[in-house]
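Examining the three-dimensional arrangement
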Amino acid sequence: MPVRRGHVAPQNTFLGLIIRKFEGQNKNFIIANARVQSCAIIYCNDGFCEMTGFSRPDVIQRPCMCDFLHGERTKRHSIAQVAQALLGSEERKVEITYHRKDGESHQFCLIFRICE
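Residues numbered from 1 in each chain as written. Predicted model: local features only at pLDDT ≥ 70, side-chain atom pairs only at ≥ 80, totals over all residues. Heavy atoms only, no water.

The name that an unreviewed UniProt entry assigns to the protein chain is PAS domain-containing protein, with the source organism given as Ameiurus melas. For the record of the protein chain, the UniProt heading Catalytic activity (unreviewed entry) holds the text "K(+)(in) = K(+)(out)". Regarding the protein chain, the UniProt comment filed under Subcellular location (unreviewed entry) reads as follows: "Membrane". (UniProt positions renumbered as here; feature names shortened; annotations may be inferred.)

Take a look at the structure:
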């Protein structure tokens, strides 16, 4: 049976479809499980790891709020927008400054898609 790197969830065809779709679009992304406390991250692609400087084991099972990427230049208003997006059920776009593992800050544009 093939092993999928980064999966910490039962095999799910729906997740596989999402991963294949977004991997093909050259996007950096994470997938979180909204049914567990703190919406734990269950998958992150290689692009996300390269972009943030964190390895997959550093990211998996952390809250999808990505508070591990918050730093001195991350605005509270942006953090509140991310939290609000996670509570909603519609697609939302949020601009936020996150910090890489090495401390370097970058402006990110996040798009939240909630799938039920």
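This part is about the pattern of salt bridges. Counted according to the given criterion, the structure contains 3 salt bridges. The closest approach of N and O atoms between lysine 101 and aspartate 58, which form a salt bridge, is 3.0 Å. In this pair, lysine 101 sits in the loop between strand S3 (92-99) and strand S4 (105-112) while aspartate 58 sits in helix H3 (residues 56-59), placing the two residues 43 residues apart along the sequence. Given a relative accessible area of 24%, aspartate 58 falls into the partly exposed group. (Salt bridge = Lys/Arg side-chain N within 4 Å of Asp/Glu carboxyl O. Helix = DSSP H or I, 4+ residues; strand = E, 2+ residues; numbered from the N terminus. Buried < 20%, exposed > 50% of the residue type's maximum accessible area, 1.4 Å probe, protein only.)

Mapped onto this numbering, the UniProt entry gives "domain: PAS" (unreviewed entry) at residues 41-72. In this annotation, residues 41-72 is assigned 34% helix and 12% strand; the end-to-end C-alpha distance for the span is 23 Å.

Next up on the list: the state of the cysteines. Scanning the entire structure with this criterion turns up 0 disulfides. The closest cysteine sulfur to the non-disulfide-bonded cysteine 49 is located on cysteine 44, 3.6 Å from its own sulfur. As a non-bridged cysteine, cysteine 64 has cysteine 39 as the owner of its nearest cysteine sulfur, 4.4 Å distant. (Disulfide = S-S within 2.5 Å.)

The next thing to look at is the side chain of arginine 56. Here arginine 56 lies in helix H3. By relative accessible area, arginine 56 is classed as buried at 13%. Among the polar contacts listed, one links the side chain of arginine 56 to the backbone oxygen of cysteine 44, at a separation of 2.9 Å. (Polar contact = N/O pair within 3.5 Å; in protein donor to acceptor, adjacent residues only side chain to side chain.)

Under the definition given, this model contains 3 aromatic pairs. Judged by centre distance (5.8 Å) and plane angle (35 degrees), the ring pair of phenylalanine 29 and tyrosine 43 falls under tilted. One end of the pair, phenylalanine 29, is in the loop between helix H1 (13-23) and strand S1 (30-32); the other, tyrosine 43, is in strand S2 (residues 41-44), and 14 residues separate them in sequence. Relative accessible area serves as the criterion here: at 10%, phenylalanine 29 is assigned to the buried category. Their ring planes at 50 degrees and their centres at 5.7 Å tell us that tyrosine 98 and phenylalanine 108 sit as a pair that is tilted. Residue tyrosine 98 is found in strand S3, and its partner phenylalanine 108 is found in strand S4; the two are separated by 10 residues along the sequence. (Phe/Tyr/Trp six-rings, centres within 6.5 Å; stacked < 30°, edge-to-face > 60°.)

This part covers H1. An α-helix turns once per 3.6 residues; consequently, residues spaced three or four apart project the same way. Every buried residue of H1 is listed here: Leu15, Gly16, Ile18, Ile19 and Phe22. With its buried residues spanning 160 degrees around the axis, H1 presents them on a single face. The exposed residues of H1 that point more than 90 degrees off its buried face are Thr13, Leu17, Arg20 and Lys21. Of the surrounding secondary structure, the elements contacted by the buried residues of H1 are S1 and S2. (Arc of directions from axis to C-beta. Contact = heavy atoms within 4.5 Å.)

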